[in-house]
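# Examining the three-dimensional arrangement
Each chain, written out:
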Amino acid sequence: MTKSINSSEDHVEVLIVGAGPAGLTLALDLARRNVACHVLETTEQRGINPRCNTTSARSMEIFRRLGVADDVRRAGLPEDYPTSIHYRTTLSGEEIFRIDLPAAGDVLAGAGKDEWPTPEPQHRISQLFLEPILEEHASKLPGLTLERGARLVEFQQHDDHVEAVVETAGTRRTVRCSYLVGCDGAHSTVRRQLGIRYEGVEAIQKFVSTFLRSPELGRLTARDRAWTYWTYGRRISSLIAIDGDELWLHHVAFAPDHDTETEDPETLLREAVGESVAHDVLGVVRWTGRRLVAQRYRSGRVFLAGDAAHIWIPVGGFGMNAGIQDAATLGWMLAAVRHGWASPEVLDAYELERKPVGEQFAGAVGSAANKAFATFSPDIHLPGPDGERARAEFAERLAASEPQRYSPDGFSFGYHYADSPLVVGGEDQTAITMGGYLQKAQPGYRLPHGWLDEDRSVLDVLGPGFTLLRTDPSVGVTSWTAAARDLGIPLIVFDLPGRWPDRYPAELLLVRPDQHVAWMGGAGARADELLQTVTGRVAAHQQ
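On a plain count of helices and strands, the protein chain comes out with 14 helices and 20 strands. If you line up the protein chain on its principal axes, its C-alpha atoms span 75 × 60 × 40 Å. A total of 543 residues make up the protein chain; the buried ones form 58% of that total. For the protein chain, the proportion of contacts with a sequence separation of at least 24, taken over those separated by at least 6, is 73%. A gap of 2 Å separates the mean positions of the 55 positive and 73 negative side-chain charges of the protein chain.

Shown next as structure tokens:
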């Protein structure tokens, strides 16, 4: 899908640089909020190498709000393909440990849904399949245009707009926009022109990643299918099923000072499998896993999101998913300012909210990587009782570290903006962890899910603007609706059933457009002041 911006005007509200998951999610969010946006993408076609291969539960919730989740859920692996994780000496060797996880078909059928902490559990899907779905949805929205083969050359900021020089097929033109967002990856042109540096650890591990086609590998794994097979031969490696059949991604980890140019992908695959398998190499990437966060996420009218703002070792797809969260936060803020119901100062909160999350994610991911790539005893390869004992000891270690990495509910539901100036009543919180979260509403946190009926979640009734949830129907809300009307703030009121007093422990809960709780309290609240606070017009005074 390629549509061109109107060349007679070359003006758009938001210019987005980069058509990866973060850029496309931001574009979808803005367009659905009636904010015109134009996406620039340097490549004429998408890359052939898979990158992120999992979409978190929180990202799936965001996609649900954008009307994309069903199409994403039905793509990627076959619906009956398990998303389990297996740990083996080699693929054809001994099993050490396993994490059994459901197939997409089980999720679509709602198996165990009453126990889910979300209406949209995580989904295993390669970016190879995810990005076309996002782009297809983008092609259907008015006010959203995407231009491939277009390069941002430079930009200049002014008091009330940004002028960007764009080059397409050797021809340059100037695009005027109200705001510019760099979603253009680790080598971001936007970030570099702003003079913003990454800070953190430059090298945690090095990798050789091989994208390959091998029907034989598909037949070999069919006896005990899994989404990912970790193997522990000469090097720790993982084999990831891309299509559940013949497409595979093979990652092999090395020390940060290792010369990976000397490593032969064919040899690495043979060592991981334990035998030779017929295959065709579709692409090889030698890269370094890092832990870096940008010094700033904003400069004036220019913002950074996704890998342009943070990169870290992809031990669970957290980089892409954090970028999708960035987009969900920035999208509503830009739209609120564009439509005039929030102060421009609301945009100051973007960095204040997302940068601490990025820093904490980076630390947690780095810690998880250190555990995942820690040394292991070569005795796991021994035959007999000695090998069994070594594998059992290794399995105990894996049981302690791996389940949270592959079901990181803390990263989906436990990140928060409790310290944000747009949140009232937020309390000091402990650091975000992969597994830590409460199924309880708290200021700054994503609103907990609950099923209202068979297919409708509490998250589904939230409006595109602010939502006032009422758990006690006797509490009056006239002051809220009147204040919202006077201030021009979109607000709907919804009465929650009283069956979850511990999950929604307040008479009233004010929820932001990004599904995070802005405030909780009772009938005595000053609605006008609260609404002005959460939209950046006044500083918080109320608890």
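In this section: the layout of surface pockets. In this structure, the second largest pocket encloses a volume near 360 Å³. What lines the second largest pocket is a set of 23 residues, among which Leu-101, Pro-102, Pro-121, Gln-122 and Ser-407 lie closest to the centre. Elements supplying a minimum of two residues to the lining of the second largest pocket: helix H4 (104–108) and helix H12 (409–413).

So, about the pairing of strand E3 (residues 85–88). A regular strand places its side chains on the two faces of the sheet in alternate fashion. Covered by surrounding structure in E3 are Ile-85 and Tyr-87 together with His-86 and Arg-88, the residues of both alternating faces. Sheet topology note: the E3/strand E4 (residues 95–99) ladder contains four bridges and is antiparallel. Of the residues in E4, the one forming a bridge with Arg-88 is Glu-95. Following E3, the chain reverses through six residues before pairing antiparallel with E4. Pairing geometry for E3 and strand E10 (residues 228–232), over four bridges, is parallel.

This part takes up helix H5 (residues 127–138). The terminal C-alpha atoms of H5 lie 16 Å apart, and with twelve residues this matches the ideal 16 Å at 1.5 Å per residue to within 8%. Along H5, the residues classified as buried are Gln-127, Leu-130, Glu-131, Ile-133, Leu-134, Glu-135, His-137 and Ala-138. Packing partners of the buried residues in H5 comprise helix H1 (21–32), helix H2 (57–65), helix H3 (69–73), strand E5 (144–148) and helix H9 (318–338). The N-cap of H5, judged by a side-chain oxygen 3.0 Å from the amide nitrogen of Leu-128 a few residues on, is Ser-126.

Ordered by their spatial adjacency, four strands build an open sheet running E18-E17-E19-E20, and the pairing between neighbours is mixed. Since the sheet does not close on itself, it has two edges, and those belong to strand E18 (491–495) and strand E20 (517–521), each with one partner. Shown here is a sheet whose adjacent strand axes are inclined to one another by a mean of 20°, direction ignored. Of the pairings in the sheet, the one linking strand E17 (residues 466–470) to strand E19 (residues 508–511) comprises four bridges and is antiparallel in character. Its bridge partner being in E19, Leu-469 is matched across the sheet by Leu-509.

A negative phi angle is the norm for most residues apart from glycine, just as the trans form is the norm for most peptide bonds. Within the chain, Ala-169 stands out as a residue other than glycine whose phi angle is a positive 55°. As for its position among the elements, Ala-169 is in the loop between strand E7 (162–168) and strand E8 (171–182). One non-glycine residue, Gln-515, lies in positive phi territory at about 75°. A relative accessible area of 4% means that Gln-515 is categorised as buried.

Here is what the cut-offs are and how they apply
- The residue numbers shown here count from 1 along each chain, following its written sequence.
- Two thresholds apply to this predicted model, a pLDDT of at least 70 for residue-level local features and 80 or more for giving and counting side-chain atom pairs, whereas whole-chain, interface and lining totals are computed over all residues.
- By convention in this description, side-chain values take in all heavy atoms of the structure and omit both hydrogens and water.
- The helix count covers DSSP runs of H or I at least four residues long, the strand count covers runs of E at least two residues long, and both are numbered beginning at the N terminus.
- Each residue is assigned to one of three classes by its accessible area relative to the maximum for its type, calculated with a 1.4 Å probe on protein chains only: buried under 20%, partly exposed between the two thresholds, exposed over 50%.
- Throughout, a contact is declared for two residues whenever any of their heavy atoms are within 4.5 Å.
- Just so you know, the count uses Lys and Arg for positive and Asp and Glu for negative, and it drops His and the chain ends.
- Lysine's charge is taken at NZ, arginine's at CZ, aspartate's at CG and glutamate's at CD.
- Cavity: a set of points on a 1 Å grid over the protein atoms alone where a 1.4 Å probe fits but cannot get out. Pocket: an open set with protein on both sides within 12 Å along at least five of seven lines, its lining residues, like those of a cavity, having an atom within 4 Å of a point.
- Grid points are joined across faces, edges and corners, and a volume is the space filled by probe spheres set on the points.
- Two strands are counted as paired when DSSP detects at least two bridges linking them.
- Multiplying one less than the number of residues by 1.5 Å gives the expected span of a helix.
- Pairs of N or O atoms are called polar contacts if they sit within 3.5 Å, as long as, within protein, a hydrogen donor faces a hydrogen acceptor (for residues adjacent in sequence, only side-chain-to-side-chain pairs).
- Only the stretch in contact is used when fitting a helix axis, every axis being a line fitted to C-alpha atoms; angles between N-to-C directions are given from 0 to 180 degrees.

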